[in-house]
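# Observations on the three-dimensional arrangement
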Protein chains: 2
Amino acid sequence: MLPESEIPTAWYNIQADMPNKPYPLLNPGTGEPLKAEDMFPIFCEECARQEVNTTDQYIPIPDEVREKLAFYRCTPLVRAYDLEKALDTPAHIYFKNESVSPVGSHKLNSALAQAYYAREEGTTNITTETGAGQWGAALSYAAKAFGLETAVYMVKISYEQKPYRRSIMQTFGATVTASPSMSTRAGKDIITKDPNNQGSLGTAISEALELARTTPHCKYVLGSVLNHVCLHQTVIGQEAEKQMEMAGEYPDIVIGCFGGGSNFSGIAFPFLKHNILDGKKTRFIAAEPASCPKLTKGVYLYDFGDVAGYTPLLGMYTLGHAFQPANIHAGGLRYHGAGSIISRLLKDGYIEAVDIDQLKSFAAASLFAKTEGIIPAPESSHAIAAAIDEALKCKESGEAKTILFNLSGHGLIDMSAYDKYLAGDLTGGGVSDEEIARTLKESGLDPSKAL
Amino acid sequence: MLPESEIPTAWYNIQADMPNKPYPLLNPGTGEPLKAEDMFPIFCEECARQEVNTTDQYIPIPDEVREKLAFYRCTPLVRAYDLEKALDTPAHIYFKNESVSPVGSHKLNSALAQAYYAREEGTTNITTETGAGQWGAALSYAAKAFGLETAVYMVKISYEQKPYRRSIMQTFGATVTASPSMSTRAGKDIITKDPNNQGSLGTAISEALELARTTPHCKYVLGSVLNHVCLHQTVIGQEAEKQMEMAGEYPDIVIGCFGGGSNFSGIAFPFLKHNILDGKKTRFIAAEPASCPKLTKGVYLYDFGDVAGYTPLLGMYTLGHAFQPANIHAGGLRYHGAGSIISRLLKDGYIEAVDIDQLKSFAAASLFAKTEGIIPAPESSHAIAAAIDEALKCKESGEAKTILFNLSGHGLIDMSAYDKYLAGDLTGGGVSDEEIARTLKESGLDPSKAL
């Protein structure tokens with residue numbers, strides 16, 4: 001535990017320290033790199049500036065944001081003694097517990113920052129997409145905290161499977177629409193072709209972007225993927241670094257689950273800084289679902305961030321924006337691409353990736369719940385599974401490595417998934433090379449032109 | 001925020017300081033007061049000793065229990081600035097946030113203690129009842145943490161309405177049975193008379209007690225009502241006292257929701273000590289549901305704690321053990337009686353009680369969610385409603401009173417109730433004097449013989 005006075009006063013901007021910078025966002029029409037001003041019509045201006053800031057190593061956290069963060073931060077760093085015992089491993093396993101945020105996940109770290117900037121800049125309405133609903137719930141609360149109205153497009157499969165996350169958003173006062181919907185051109189195009197389309201994050205992003213573009217005083221905000229979102233999450237790793245120091249340890253391995261990159265970046269970047277600048281040799285492992293394996297099986301290409309092609313082009317590991325992920329319960333990880341910074345770091349060998357099948361993630365979650373008393377979010381369970389793998393390797397080798405993973409959220413709203421797991425009704429997931437080749441082609445992408 | 005080093009080292013035993021002691025438990029056969037030894041066959045021995053301990057002001061918390069408490073304690077004390085602003089009140093409103101425990105409520109404070117004693121005394125199995133499932137979830141985890149097996153009887157209406165709390169218990173490894181069930185004599189008696197009986201805490205207690213009596217190495221544990229449970233919860237108020245001091249304040253009013261007494265006692269007793277010993281004039285308000293109003297409309301009598309009449313007789317405010325509470329969503333408050341200590345304190349004027357109707361509790365919960373970002377448990381919402389009432393009185397009188405309430409848990413597993421509230425499908429609840437007179441009679445109780 002750290003006192004709230006130890007909440008970081010600035011975000012760590014890894015772009016400043018990267019030997020090779022991430023590929024810039026491109027205007028799909030002209031092929032030119034975007035400047036911050038080009039994004040002002042859609043994004044909060046300060047977020048757009050942070051997005052392209054490759055020079056400032058630290059960016060100050062506004063006082064008012066820090067005050068709201070103090071409501072739940074600093075979050076605890078916990079040594080998972082009982083999990084270690086159950087695994088009979090010499091490894092020391094630590095986790096950063098982001099599930100204690102009032103909305104149950106790390107997502108609030110960026111939601112508060114983005115809602116603050118929106119209000120400061122005179123915006124009255126914000127809109128976004130959400131998968132499983134962790135981001136939507138966080139933003140709905142953050143918007144209310146700063147006096148804004150919110151419209152959330154929620155992936156239809158989650159809207160139906162997880163009605164209670166919808167209720168949470170509505171209780172916070174948000175308008176929630178199942179996506180694809182008939183409220184946007186992008187949604188109508190999909191529904192008229194495929195009335196039973198279950199939606200995806202890529203589709204929901206298209207709808208929210210369209211709403212922002214066509215509504216006065218309305219900005220679009222995003223919960224992952226983009227550089228400024230990863231930036232806002234670095235409070236996690238900065239706190240963890242101090243807490244590990246208090247415990248007299250430094251991690252040999254840092255692990256986060258991986259959807260678009262927000263929680264992984266948050267825990268990893270402040271430690272990764274020391275690999276880049278101080279010659280530390282920590283390993284960083286992104287744990288993605290086997291059914292959406294962009295880091296382990298995707299190609300490094302310029303691609304759209306959404307299904308309709310409304311976003312700028314991002315240089316990223318992608319399965320193609322036409323990729324339709326399987327309906328796994330880790331809804332927050334069902335995204336086809338990986339974010340520019342992470343993609344560059346993966347390409348340059350600073351981070352590694354593993355893919356985890358759904359059954360393995362739930363087995364890890366169950367063991368974690370029994371030993372540590374927290375029901376993890378299906379997303380976070382991927383990080384747990386990867387941590388267990390590493391701890392078991394330590395058991396074989398006899399090494400007492402220090403493993404740190406990010407518990408990005410709790411799974412109390414995901415109990416229907418646990419029910420299905422207990423009943424034996426879940427499958428592992430996974431996607432074939434042929435399927436990936438097909439969706440890349442469908443997305444108009446040529447793997448031979450990888451960056 | 002307090003560091004974990006400030007977790008109390010002893011529980012505060014208010015029995016030692018009470019001018020009039022609570023009425024002793026009676027053997028229903030002989031009418032004789034029970035000694036600790038009489039309870040050893042059913043309860044953990046140390047818990048039985050604590051139950052009747054009217055002399056030791058403080059009882060040390062075992063180190064191993066304190067270590068497990070450190071996993072989530074000290075819990076935050078939060079000033080509800082945004083709620084104050086929304087109410088436009090000069091009052092200072094603080095809440096102790098017990099919802100940050102890994103199982104989402106204060107219940108873990110006693111579950112860990114009881115599971116510890118069970119293991120220390122060589123018990124391998126424990127059993128209990130649960131209403132909404134907060135206690136069952138806490139005990140399931142605590143049992144696993146100390147290597148015990150757990151069987152939970154869950155009130156049938158909650159088992160069906162809140163399947164996800166059931167899943168949580170099962171994920172922690174517990175056996176969960178809907179009560180009334182065919183697995184006990186008590187359950188069979190009820191089902192054969194009334195096949196559609198929806199259950200109650202009183203019935204579930206009967207079933208768990210029967211299982212404990214008929215199973216070797218199995219003890220019965222309880223999540224509320226009894227003196228030793230209230231004792232274990234005093235970590236809440238002891239921390240809050242230090243935290244209020246850090247904030248430079250002392251509460252004029254302390255509020256907790258009220259089912260059997262565990263969270264109310266936890267927040268109230270350490271402050272009430274100063275009313276008894278130091279002449280402080282703090283008001284203590286127990287907020288109970290209008291549909292189960294034992295403190296405001298019940299009678300102070302000796303009554304059974306369960307439906308089947310398996311328990312000792314308790315001297316308490318009761319609606320009669322035959323009382324069948326309405327199916328309100330605050331399942332944890334659906335209990336007919338009030339606990340011996342609380343009843344004595346109410347009788348002697350140390351505490352007050354108010355009843356809150358269900359619609360009012362959800363209106364308060366919605367305002368709290370929008371302002372403070374936490375979805376409260378339907379139980380805790382009764383405390384919020386009472387706190388809002390007091391804050392609005394301050395607005396009228398212009399007094400800047402300091403109000404402290406206990407947020408006993410979050411409501412993330414209760415979103416179906418919020419859905420119904422948002423849809424206008426909930427009713428207020430309430431119970432007539434005639435109905436209470438009828439159930440007292442049915443329970444064999446004579447109101448004219450009140451203690």
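What counts as what
Residues numbered from 1 in each chain as written. Chains lettered and ligands numbered in written order. Predicted model: local features only at pLDDT ≥ 70, side-chain atom pairs only at ≥ 80, totals over all residues. Heavy atoms only, no water. Salt bridge = Lys/Arg side-chain N within 4 Å of Asp/Glu carboxyl O. Helix = DSSP H or I, 4+ residues; strand = E, 2+ residues; numbered from the N terminus. Buried < 20%, exposed > 50% of the residue type's maximum accessible area, 1.4 Å probe, protein only. Phe/Tyr/Trp six-rings, centres within 6.5 Å; stacked < 30°, edge-to-face > 60°. Lys NZ or Arg CZ within 6 Å of the ring centre and 35° of its normal. Domains from an automatic or database assignment. Contact = heavy atoms within 4.5 Å. Buried area = accessible area lost by both parts, 1.4 Å probe. Polar contact = N/O pair within 3.5 Å; in protein donor to acceptor, adjacent residues only side chain to side chain. Least-squares fit on C-alpha atoms with pLDDT ≥ 70 in both. Nonpolar A, V, L, I, M, F, W, Y, C, P; charged D, E, K, R; others polar. Pairing = 2+ DSSP bridges. pLDDT = per-residue confidence, 0-100. Axes fitted to C-alpha atoms, helices over the stretch in contact; angles between N-to-C directions. Parallel < 35°, antiparallel > 145°, perpendicular 65-115°, else oblique. Core = buried A, V, L, I, M, F, W, Y, C linked by side-chain atoms within 4.5 Å.

## Regarding the pattern of salt bridges
All names here are of chain A. If you walk through the whole model with that rule in mind, you get 46 salt bridges over all chains. Among the salt bridges present, the one from D389 reaches K360, with a minimum N-O distance of 2.6 Å. With D389 in helix α17 (residues 378-397) and K360 in helix α16 (residues 358-372), this pair connects stretches of sequence that are 29 residues apart. Look at D389 and you get partly exposed, because its relative accessible area is 27%. Taking relative accessible area as the criterion, K360 reaches 34% and is therefore assigned partly exposed. A salt bridge links K393 to E390, with the shortest nitrogen-to-oxygen separation between them at 2.9 Å.

## Re the packing of aromatic side chains
Applying the stated criterion across every chain, the model contains 32 aromatic pairs over all chains. Ring centres 6.1 Å apart and planes at 75 degrees place the aromatic pair A:Y23 and A:Y302 in the edge-to-face group. With A:Y23 in the loop between β1 (10-12) and α1 (36-39) and A:Y302 in strand β11 (residues 299-304), this residue pair connects regions lying 279 residues apart in the sequence. What makes A:Y23 partly exposed here is its relative accessible area of 27%. Seen from their ring centres, A:F258 and A:F264 are 6.0 Å apart, and the 70 degrees between their planes marks the pair as edge-to-face. A single burial state applies to A:F258 and to A:F264, both of which are buried. Members of the aromatic cluster, joined through ring pairs, are A:Y23, A:Y300, A:Y302 and A:Y317. Across from the ring centre of B:F146, 5.6 Å away, lies the NZ or CZ of B:K68, which sits over that ring. Here B:R166 stacks its cationic end above the ring of B:Y159, 5.1 Å away from the centre of that ring.

## Re the domain arrangement of chain A
Residue and element names in this part refer to chain A. According to the domain assignment, chain A consists of domain 1 (4-62 + 107-227) and domain 2 (73-104 + 233-449). Listed as interface residues are 60 residues of domain 1 and, on the opposing side, 56 residues of domain 2. Carbon and sulfur atoms supply 61% of the area buried between domain 1 and domain 2, which totals about 4900 Å² over both sides. At the boundary of domain 1 and domain 2, one finds three salt bridges. For K162, the salt bridge identified is with D414, shortest N-O distance 2.7 Å. Taken together, the links from domain 1 to domain 2 amount to 21 residue pairs in polar contact (both at pLDDT 80 or more). Only β1, α5 (108-120), α6 (134-145), α7 (156-161), α8 (163-171), α9 (185-193) and α10 (201-214) provide two or more residues apiece to the side of domain 1 that touches domain 2.

## A look at the relation of the copies chain A and chain B
Superposition record for chain A on chain B: RMSD 0.0 Å, screw rotation 180 degrees, translation along axis 0.0 Å. In the structure described here, the two chain copies are related by an operation that fits a two-fold rotation axis. Scanning chain A for the C-alpha nearest the rotation axis identifies A:V100, at a separation of 3.0 Å. The share of interface residues of chain A whose copies in chain B are also at the interface is 100%, consistent with both copies meeting through the same surface.

## Topic: the interface of chain A and chain B
Opposite the 38 residues of chain A that make contact, chain B presents 38 residues. At the surface where chain A touches chain B, the tally comes to four salt bridges. Its salt-bridge partner being A:D419, residue B:R166 comes within 3.9 Å of it at the nearest N-O pair. Breaking the side of chain A that touches chain B down by element, the ones donating at least two residues are α6, α8, α16 and α18 (415-422) of chain A. Across the side of chain A that touches chain B, the residue classes tally to 20 nonpolar, nine polar and nine charged.

## Re the pairing of strand β12 (residues 313-318) of chain A
All names here are of chain A. Counting buried positions along β12 gives six out of six residues, so the element sits mostly inside the fold. The alternating pattern of β12 places L313, G315 and Y317 and L314, M316 and T318 on opposite faces, both of which are buried. By the bridge criterion, six bridges tie β11 to β12 in an arrangement that is antiparallel. In the sheet register, L301 faces β12, and the bridge partner there is M316.

## Observations regarding the confidence of the model for chain A
Of the residues in chain A, 100% have a pLDDT of 70 or more, and the chain-wide mean is 95. Complex prediction metrics read pTM 0.88 and ipTM 0.79.

## A look at the sheet that holds strand β6 (residues 149-155) of chain B
Residues and elements named next belong to chain B. Reading across the sheet, the four strands line up as β7-β6-β5-β8 and stay open at both edges, with parallel pairing between neighbours. Only two strands of the sheet have a single neighbouring strand rather than two, namely β7 (175-179) and β8 (218-220). In this sheet, adjacent strand axes meet at a mean angle of 25 degrees when their direction is disregarded. Sheet topology note: the strand β5 (residues 125-130)/β8 ladder contains three bridges and is parallel. Looking at β8, one finds that I126 is bridged to K219. Relative to the sheet, helix α6 (residues 134-145) contacts β5 and β6, its axis offset from that of β5 by approximately 165 degrees.

## What about the packing of helix α16 (residues 358-372) of chain B against helix α17 (residues 378-397) of chain B?
All names here are of chain B. Where α16 meets α17, the axes come as close as 8 Å, and the angle between the chain directions of the two elements is 85 degrees. Here α17 runs roughly perpendicular to α16, going by the angle between their axes. For the pair α16 and α17, contact is made by K360, S361, F362, A364, A365, L367 and F368 and by P378, S381, H382, I384, A385, I388 and D389, respectively. Split into classes, the residues belonging to the contact of α16 with α17 amount to nine nonpolar, three polar and two charged.

## What about the sheet that holds strand β14 (residues 402-407) of chain B?
Picture the strands of a sheet paired through backbone hydrogen bonds; they go either parallel or antiparallel. Residue and element names in this part refer to chain B. A sheet is described by the order of its strands in space; here six strands give the open sequence β3-β4-β14-β9-β10-β13, paired in mixed fashion. Of all the strands in the sheet, just β3 (77-79) and β13 (352-356) have a single pairing partner and so form its edges. For this sheet the average axis-to-axis angle between neighbouring strands, irrespective of direction, equals 25 degrees. For strand β9 (residues 253-257) and β14, the ladder comprises three bridges, and the chain directions are parallel. Across the sheet, the residue bridging to V254 is L404, located in β14.

## What about the nonpolar core?
Grouped together as the largest cluster of nonpolar side chains are 228 residues, with contacts concentrated most on A:F269, A:F405, B:F269 and B:F405. Leave out the neighbours within four places in its chain, and A:F269 touches A:Y12, A:I14, A:C230, A:T234, A:I341, A:I342 and A:L345.

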